Amino acid sequence: MATTRRGLRGPRSSSGSRDHGRTTPPPAHDDILTHKTDDDDDTTTRGNRSRGTGKNSSPTDLPDGTTQRHPHGSPSTPPGRPGPTSLHTSGHTRCTSTTTTTTRRRTTTREEEEAGEEVLEAAAEGRGKGTTTTPTKHQHSHHPHHHHQGPTPMLLIFVCFLVLVGIYSLHQALKKREEEERAAKKVKPIADVYEDLKLELQTLNREFSQPREVWLGLLGQLEAMMVDEPPQPAVLLMVVPDDSRGAASCLAHHLAKAVQYAFEDSRFVMFDTRTSQYMGDSAALKLDLDRTLSGLSRAHAAVVHNVESLPGHAAMILHAYCDNENAPYKQAVIFLLAEVPGTYQDLAYSRLDSLVDAHLEGAWGDGDEGEGEAGSSGSKGGLKEKDVSALISRTANAPLLIRPERPARVMELCPV
């Protein structure tokens, strides 16, 4: 019976256990074993790192290559077989899990680096177009709406045009200033001015048929101011009879041009009393004449027509410009034209000084002493006798009687 029972049971295995001819059933808790995937490895690895790698937290490798973990953290050993001793297998699983995690991190880092490079390239392109782009973590070059639009070509062209215009204007201003400074520094010697003026007067002497007394009177006055610092300006009163008006006006303009040429000025000053818009207002007319004669700061010759038509108070401005001590512009020639009634033949044999004084006293003076205050407008000008005498002594010191010229000659010399 024992033999029969032993035969029924079968032979005993070398390990001391009976072999029943079938596979050893799994332990009672096999239903909670799981096969680990890559995600499980990753989760397990992170769990081990957070909880530590103690004895109760180490994974257990199964014979079929899978890894199990007891729900309470301790490995399970199936009954009837020895416990697993596969340290190499467990280490391989941990290495595989760590390698997988490292690979994923490297992939993520590489993607972030590529995204950063794309953002930097987009920022560089934005700077090349004149825009400023601030790279951000989530900004990518394939999103065009993240970049600012640069200035349009027309705007750039307009800005460049304005810059060029500004540079050109600045250059012209500096050039003009240099020319003015150079002209101010370049002063023609007064001796050369006088020589050129005498040559011009010789030419005018041949063109006009004026008597010798006129040319001598001109040279006497002009010679007195042909010094570096003349004491007073040259004042010439040209007495104009009725038949000499055209000739006197033409001669005065040519004389002023001769002075302008000798001093190398750009122009000469001219004032016509009868054509002034302020003829009816004595104060305004005086200011207008003053403003015109102040142009002698840039010229050396002035022509004033019809001084006999100036109201007395307006004519007093001539006292300042023709003064022999305090004139504002002393190196200048002032031609004053005064029309008188009568012909040249009628006046040629009269005393010219007395004739001019009587004529100007009647034009500027006032016989009534009570009407000589400023602002009055008497029939004869409104100036007191002493004021008229002082004004005449400065304006009529060297009167010149102008002879008539042939009309055709006048039209030839002065077509306008």
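Residues numbered from 1 in each chain as written. Predicted model: local features only at pLDDT ≥ 70, side-chain atom pairs only at ≥ 80, totals over all residues. Heavy atoms only, no water.

Chemist: I'm lost on the packing of helix α5 (residues 190-207) against helix α6 (residues 212-224) in this one. Help?
Modeler: Helix-helix packing: each pair is described by the crossing angle between the helix axes and the interaxial distance. Interaxial distance between α5 and α6 falls to 12 Å at its minimum, and their mutual angle equals 165°. The orientation of α5 relative to α6 falls into the category roughly antiparallel. Considering how the two elements wind past one another, α5 and α6 form a crossing that is right-handed. Each of Y194, L197, L201, L204 and N205 in α5 lies in contact with α6, whose residues at this interface are W215, L219, L222 and E223. Its residues assigned to classes, the contact of α5 with α6 shows seven nonpolar, one polar and one charged. (Axes fitted to C-alpha atoms, helices over the stretch in contact; angles between N-to-C directions. Helix = DSSP H or I, 4+ residues; strand = E, 2+ residues; numbered from the N terminus. Parallel < 35°, antiparallel > 145°, perpendicular 65-115°, else oblique. Left-handed = near helix turned anticlockwise from the far one by under 90°. Contact = heavy atoms within 4.5 Å. Nonpolar A, V, L, I, M, F, W, Y, C, P; charged D, E, K, R; others polar.)

Chemist: Can you help me understand helix α7 (residues 245-263) in this one?
Modeler: Since there are 3.6 residues in each turn of an α-helix, residues three or four apart along the chain are aligned in direction. Its 19 residues give α7 an end-to-end C-alpha distance of 27 Å, which sits within 8% of 27 Å, the value for a rise of 1.5 Å per residue. Looking at the residues trailing α7, positive phi occurs at E264, about 60°. (Expected span 1.5 Å × (residues − 1).)

Chemist: Help me out: how do you make sense of the pairing of strand β6 (residues 333-339) in this one?
Modeler: In summary, the side chains of a regular strand alternate between the two faces of the sheet. Most of β6 sits inside the fold, with seven of its seven residues counted as buried. Alternating residues of β6 divide into V333, F335, L337 and E339 and I334, L336 and A338, and every residue in both groups is buried. (Buried < 20%, exposed > 50% of the residue type's maximum accessible area, 1.4 Å probe, protein only.)

Chemist: Help me out: how do you make sense of the pairing of strand β5 (residues 301-305) in this one?
Modeler: Extensive coverage of β5 is indicated by the burial of five of its five residues. Burial of β5 is two-sided: the residues A301, V303 and H305 facing one way and the residues A302 and V304 facing the other way are all buried. Crossover connection from strand β4 (residues 269-272) via helix α8 (residues 282-293) to parallel β5: handedness right-handed. In terms of strand pairing, β5 meets β6 through four bridges, oriented parallel. In the strand pairing of β6, A302 is matched with I334. (Right-handed = clockwise from strand over helix to strand, strands pointing away. Pairing = 2+ DSSP bridges.)

Chemist: Please explain the pattern of salt bridges as it appears in this structure.
Modeler: For side chains bearing opposite charge, pairing can occur when the charged atoms are close. A full pass over the atoms with the stated rule returns 10 salt bridges. Two residues, E339 and R245, come together in a salt bridge whose shortest N-O distance is 3.4 Å. Of the two residues, E339 sits in strand β6 while R245 sits in helix α7, which places them 94 residues apart along the sequence. Between R274 and E339 there is a salt bridge whose closest N-O contact spans 3.1 Å. Taken together, the positions of R274 in the loop between β4 and α8 and E339 in strand β6 put the pair 65 residues apart, joining distant regions of the chain. Several salt bridges share partner residues, and in doing so they unite D242, R245, R274, E308 and E339 into one network. (Salt bridge = Lys/Arg side-chain N within 4 Å of Asp/Glu carboxyl O.)

Chemist: What's the story with the nonpolar core in this structure? I'm lost.
Modeler: Grouped together as the largest cluster of nonpolar side chains are 39 residues, with contacts concentrated most on L197, L218, M226, L255, V333 and F335. At the level of secondary structure, the elements contributing two or more residues to this core comprise α5, α6, β3 (234-240), α7, β5, β6 and α14 (407-413). With 11 residues, the top contributor of residues to this core is α7. Setting aside residues no more than four positions away along its own chain, F335 makes contact with L218, L236, M238, L255, A256, A302, V303 and V304. L296, A302, Y321 and A396 belong to the second-largest nonpolar core, a separate cluster that totals 38 residues. (Core = buried A, V, L, I, M, F, W, Y, C linked by side-chain atoms within 4.5 Å.)

Chemist: Help me understand the packing of aromatic side chains in this model?
Modeler: To describe a pair of aromatic rings, one takes the distance between the centres and the angle between the planes. By the definition in use, this model includes one aromatic pair. Relative to Y329, the ring of Y321 lies with its centre 6.4 Å away and its plane at 25°, an arrangement referred to as stacked. Residue placement shows K198 over the ring face of Y194; its charged tip is 4.7 Å from the ring centre. (Phe/Tyr/Trp six-rings, centres within 6.5 Å; stacked < 30°, edge-to-face > 60°. Lys NZ or Arg CZ within 6 Å of the ring centre and 35° of its normal.)

Chemist: Please explain the sheet that holds β5 as it appears in this structure.
Modeler: Hydrogen bonds along the backbone pair up the strands of a sheet, which may run parallel or antiparallel. Pairing is parallel across the open sheet formed by five strands, whose spatial order is β4-β5-β6-β3-β7. Of all strands in the sheet, those bounded by a partner on one side alone are β4 and β7 (399-401). Taken over all neighbouring pairs, the strand axes of this sheet differ in orientation by 20° on average, direction set aside. Examined bridge by bridge, β4 and β5 share four bridges and lie parallel to one another. Directly across from V269, in β5, lies its bridge partner A302.

Chemist: Please explain the confidence of the model for the protein as it appears in this structure.
Modeler: When pLDDT drops low, the exact placement of atoms in the prediction is not to be read closely. Taken as a whole, the protein shows an average pLDDT of 75; of its residues, 60% reach a score of 70 or greater. Taken element by element, the predicted model of the protein shows its lowest mean pLDDT in helix α1 (residues 2-9) (39) and its highest in β5 (97). Across residues 1-60, confidence stays below pLDDT 50; counting only partners more than four residues off in sequence or on other chains, it has 52 contacts. (pLDDT = per-residue confidence, 0-100.)

Chemist: Sorry, what's going on with the packing of helix α12 (residues 352-364) against helix α13 (residues 385-395) here?
Modeler: It is at 10 Å that the axes of α12 and α13 come closest, and there the two elements cross at 130°. Taken together, α12 and α13 sit at an angle that is classed as oblique. Where α12 crosses over α13, the two elements pack in a sense that is right-handed. Where α12 abuts α13, its residues D357, L360, E361 and W364 lie against V388, L391, I392 and T395. For the contact of α12 with α13, the per-class residue count stands at five nonpolar, one polar and two charged.

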